[in-house]
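# Observations on the three-dimensional arrangement
Each chain, written out:
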Amino acid sequence: MKYITTAIAYLNGAPHVGHALDFLLADVLNRYQKSRGETTFLQTGTDEHGQKVASKAKALGISPQELCDENSALFRALWQDLDAKYDYFIRTTNPNHIKNCQEIWLKLAENGLIYKKPYHGWYCEGCESFITETEAREKNFTCPIHNQPLQEISEDNYFLKVTALIPQIKAAIERGRALSTLDALNGETTARSVGTADPSDDQYLKILPDFRASEILNLLEKSEDVSISRPKSQVSWGIPVPNDPDQTMYVWIDALSNYLTTGHWPASTQIIGKDILRFHAITWPAILLGLGLPLPRLLLTHGFVNVDGTKMSKSLGNVISPTEVIARYGTDAFRFYFLKYIPTCDDGDFTWAKYDAAYNDLANTLGNLVSRLANMNNKYFAGLIGTQNEQSIDKSDDSLPNIVKSLAKYHHFMQNLDFSDALTELFNHFRDINAEIDAAKPWTLAKSDDTLPELRNLLENWSSRVATLASALAPFLPTTSQKILAIFQPEKTVYNGEILFPKPETTTP
RNA sequence: CGCGGGGUAGAGCAGCCCGGUAGCUCGUUUGGCUCAUAACCAAAAGGUCGUUGGUUCAAAUCCAACCCCCGCAACCA
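Residues numbered from 1 in each chain as written. Chains lettered and ligands numbered in written order. Predicted model: local features only at pLDDT ≥ 70, side-chain atom pairs only at ≥ 80, totals over all residues. Heavy atoms only, no water.

## Quick word on the packing of helix H14 (residues 403–415) against helix H17 (residues 452–473)
The geometry of a pair of packed helices is captured by two quantities: the angle between their axes and the separation between those axes. Basically, it comes down to this: With axes taken as lines fitted to C-alpha atoms, and helix axes fitted only over the stretch in contact, angles between N-to-C directions fall between 0 and 180 degrees. Helix and strand definitions here come from DSSP, where helices need a minimum of 4 consecutive H or I residues and strands a minimum of 2 consecutive E residues; each element is numbered from the N-terminal end. Just so you know how the angles are binned, under 35 degrees is roughly parallel, over 145 roughly antiparallel, 65 to 115 roughly perpendicular, and the rest oblique. Throughout, a contact is declared for two residues whenever any of their heavy atoms are within 4.5 Å. Gly falls in the polar group here, along with every residue not listed as nonpolar (Ala, Val, Leu, Ile, Met, Phe, Trp, Tyr, Cys, Pro) or charged (Asp, Glu, Lys, Arg).
Where H14 contacts H17, the axes come no closer than 11 Å and their chain directions differ by 5°. Compared by their axis directions, H14 and H17 come out roughly parallel. Residue-level inspection shows Ile403, Leu407 and Tyr410 of H14 in contact with H17, the latter providing Arg465, Thr468, Leu469 and Ala472. Considered class by class, the residues forming the contact of H14 with H17 number 5 nonpolar, 1 polar and 1 charged.

Structure, rendered in structure tokens:
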């Protein structure tokens, strides 16, 4: 069983292309693993509690639950728009989730990992948030946004004893680091008793990309216990702390434990953005170890999507909505851009010009190849050209681009979760076929009966390879893949002249 | 001296671990082709590989120092 999770989206705003990237990575992995015969379960959802949601709802004059209902629906709709599929969509306002959180809290408390202590901080009423000691000092204890003095507040909070578990977390990350991605995904670990640093512990947590693991190992050196509650007066919209009516759970246990709800734990892959890595690589393992549960096997950390080289932000007003982008060229084009042109583990950039260029790449390299090939099959052999089975393709000719080699590379990249490289590999092979067609000059071969058998052979070979590559393309471009496979069938070619990726009359930047 | 990432052709990137003719995609120019979506194919132009120094027969690659950009620094995917 491969259990895949996405980060759950915080509901204080509408979905943007960054969320879409997160979801797509999960969907591609899910589809790929399924195609390899794995049983999978993909969970996503929305994180709905917290003061920001409460404030926003208040500003809109609706209840927090109403706001959550509305926004949560937007995220569900995004999955649909992306042609991405989840098995379960969790909402942290679900009654069963709330009950789970309270049980988890009690268990952690029972295991001696929760304690109460006063928390000191500098608070700005305008921002409704605390500012770190250092930052407060830098700003002369005045909020630069609201231009009013910060208040020194001391309140009681519950804390999670993360520090007690740091040695185990560190060891697990180091063990994960030593494993290949494939081994990490397929490995098994056993849960250990709480709070032990048993030397025979086999728990591991692989973090991708590797430099993120360094980042975390560094951070672990100076990690402190984490505050996991707030006075109810401060955070009204949240899960009540069991046995303490004055306190509300503050983000961690509430949001992170969503992954446990459906009972498929441990996750095989958790997909997260780089901003929440530390919570998934430190706080979350601490909670799991505190509960005696196994760690997730792999954390895939992706970067951010910038717009025109700048960070997307509401204040800059440059937030791109996925719906808007999908409207331009459709779902598969959207998936293509975000999976090929945005590096899987690094920051990427979105601009309309780049998006148009990527669409041209898709239309010219793949769309045009399909249509030129299908047309030739129709024109020269009335469509009576089928695909050959895989074994007969490129049998031993090393001088030709070898489909077997391409597929091997593709699988290698997929198994290492290098999705953009895997897609690039497939497109390189499409390019190769385009070049071969030009070199073989089929239109010349068609002119003489003597060369017709040779032409038939070539067309069969190309059609077969395109079909094979189209199958491999399925996790990325599900609709396109199906369309191509419907054209190049085992016994014949069925093509009605449909243009896979039509270009607009004028391409505006 | 907080931590991390990066600086390679007009743009976006690979190559660096394991030193040996600097590569890919897009763009530009020229040529070719006609099966095809004004597409496809080929060729060319375009780079002092951030700077300086060191090691070496040989450095984009290893070492040292420095400069610049970008993240993170307790809930922005």
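## A look at the pattern of salt bridges
Counted only if it meets this: Salt bridge criterion: a side-chain nitrogen from Lys or Arg within 4 Å of a carboxyl oxygen from Asp or Glu. A 1.4 Å probe rolled over the protein chains alone gives each residue an accessible area, and that area as a share of the maximum for its type sets the label: buried under 20%, exposed over 50%, partly exposed in between.
Applying the stated criterion across every chain yields a total of 22 salt bridges. With its nearest N and O atoms 3.8 Å apart, the salt bridge here joins Arg456 to Glu460. Of this pair, Arg456 and Glu460 both sit in helix H17, 4 residues apart, roughly one helical turn. Since its relative accessible area comes to 30%, Arg456 is described here as partly exposed. The buried category is assigned to Glu460, whose relative accessible area is 18%. Within this structure, Asp27, Arg31, Asp83, Lys85 and Arg335 form a network of salt bridges that share partners.

## Considering the domain arrangement of chain A
Cut-off, in case you're wondering: Segmentation into domains, and thus their bounds, comes from an automatic or database assignment.
Each assigned domain of chain A is listed with its residue range as follows: domain 1 (2–302) and domain 2 (330–487). Taken residue by residue, the interface counts 26 residues in domain 1 and 21 residues in domain 2. One can count 2 salt bridges joining domain 1 with domain 2. The partner of Arg335 in a salt bridge is Asp27, and the shortest N-O contact between them spans 2.8 Å. Put simply, the parts of the chain that give the side of domain 1 that touches domain 2 at least two residues each are helix H1 (17–35), helix H7 (181–186) and strand E15 (298–302). Of the residues forming the side of domain 1 that touches domain 2, the biggest block, 10 residues, is contributed by H1. For the side of domain 1 that touches domain 2, the class distribution of residues is 16 nonpolar, 4 polar and 6 charged.

## A look at the nonpolar core
Our working definition: Buried residues of nine kinds, namely Ala, Val, Leu, Ile, Met, Phe, Trp, Tyr and Cys, make up a nonpolar core once their side-chain atoms join them within 4.5 Å.
In this structure, Phe334, Phe338 and Phe476 are the most contacted members of the largest nonpolar core, which totals 94 residues. Summarising the domain contributions, this core has at least three residues from each of domain 1 (2–302) and domain 2 (330–487). Discounting chain neighbours no more than four positions away, the residues touching Phe334 are Val17, Ala20, Leu24, Leu82, Pro322, Val325, Ile326 and Tyr355. Counting residues in each nonpolar core, the second largest holds 47 residues, with Trp105, Trp265, Ala286 and Leu288 among its members.

## Focus on the protein's contact with RNA strand B
Basically, it comes down to this: Any residue with a non-hydrogen atom lying within 4 Å of a molecule or strand is treated as near it. As used in this structure description, the phrase polar contact means that two N or O atoms lie within 3.5 Å; if the pair is within protein, one of them must be able to donate a hydrogen and the other to accept it, and residues adjacent in sequence are counted only when both atoms belong to side chains.
Close to RNA strand B lie 46 residues; Tyr250, Lys311, Asn364, Gly367 and Asn368 are nearest. Contacts to RNA strand B include Glu215, whose side-chain N or O atom sits 3.2 Å from a sugar or linking oxygen. Take Lys222: an N or O atom from its side chain is 3.3 Å from a sugar or linking oxygen of RNA strand B. Those elements that provide at least two residues to the surface near RNA strand B are H1, helix H8 (210–220), helix H10 (277–291), helix H13 (352–381) and helix H15 (419–440). Looking at which element gives the most residues to the surface near RNA strand B, the answer is H13, with 10 residues. Taken together, the residues that form the surface near RNA strand B break down as 19 nonpolar, 14 polar and 13 charged.

## So, the packing of aromatic side chains
Aromatic rings considered in pairs are described by the distance between their centres and by the relative angle of their planes. Stated formally: Aromatic pairs are defined between Phe, Tyr and Trp rings, using the six-membered ring for Trp, whenever the two ring centres lie within 6.5 Å; interplanar angles under 30 degrees are classed as stacked, those over 60 as edge-to-face, and all others as tilted. Cation placement over rings: the criterion is NZ of Lys or CZ of Arg within 6 Å of the ring centroid and within 35° of the ring normal.
Summed over the entire model, instances satisfying the criterion amount to 27 aromatic pairs. Seen from their ring centres, Phe336 and Tyr341 are 6.0 Å apart, and the 65° between their planes marks the pair as edge-to-face. Note on Phe336: relative accessible area 1%, which makes it buried. A cation sits over an aromatic face here: Lys117 above Phe159, 4.5 Å from the ring centre. Its end group placed over the ring of Phe304, Lys274 keeps NZ or CZ at 4.9 Å from the ring centre.

## Observations regarding the packing of helix H4 (residues 95–110) against H10
Running from amino to carboxyl end, H4 crosses H10 at an angle of 70°, the nearest separation of the two axes being 9 Å. Taken together, the axes of H4 and H10 are roughly perpendicular relative to one another. Within the contact between the two elements, H4 uses Ile104, Lys107 and Leu108 and H10 uses Ile287, Gly290 and Leu291.

## Describing helix H2 (residues 51–60)
To keep it simple, the criterion reads: Starting at the helix axis, one direction is taken to each C-beta atom, and the arc is that of these directions.
For H2, the set of buried residues is Val53, Ala54 and Ala57. Seen from one end, H2 has its buried residues packed into an arc of 100°, which puts them on one side. Exposed residues pointing more than 90 degrees away from the buried face of H2 are listed as Lys52, Lys58 and Ala59. For H2, the elements touching its buried residues are strand E2 (9–10) and helix H3 (64–81).

## Overview of the environment of Asp210
Its place among the elements puts Asp210 in helix H8. When its relative accessible area of 37% is taken as the criterion, Asp210 is described as partly exposed. Separated by 90 residues in sequence, Asp210 and Leu300 place their C-alpha atoms 9.9 Å apart.

## Here we look at the environment of His120
Looking at the element boundaries, His120 is found in strand E5 (residues 114–124). Judged by relative accessible area, His120 falls into the exposed class, the value being 53%. As a C-alpha pair, His120 and Ile153 span 33 residues in sequence and 5.8 Å in three-dimensional space. Excluding residues that lie within four positions of it along the chain, His120 makes contacts with Glu152, Ile153 and Ser154.

## A closer look at unusual backbone geometry
Note that the residue after Leu208, namely Pro209, is joined by a cis bond; omega there is -10°. Position of Pro209 among the secondary structure elements: in the loop between strand E10 (206–208) and H8. The amide bond that connects Trp265 to the next residue, Pro266, takes the cis arrangement and shows omega of 5°. You can see Pro266 is positioned in the loop between helix H9 (252–256) and strand E14 (269–273). The backbone of Asp83 shows a phi angle near 60°, a positive value even though the residue is not glycine. One can find Asp83 in the loop between H3 and strand E4 (88–91). Phi angles above zero are rare outside glycine, and Val251 is one such case at about 40°. With respect to the helices, strands and loops of the structure, Val251 is situated in the loop between strand E13 (247–249) and H9.

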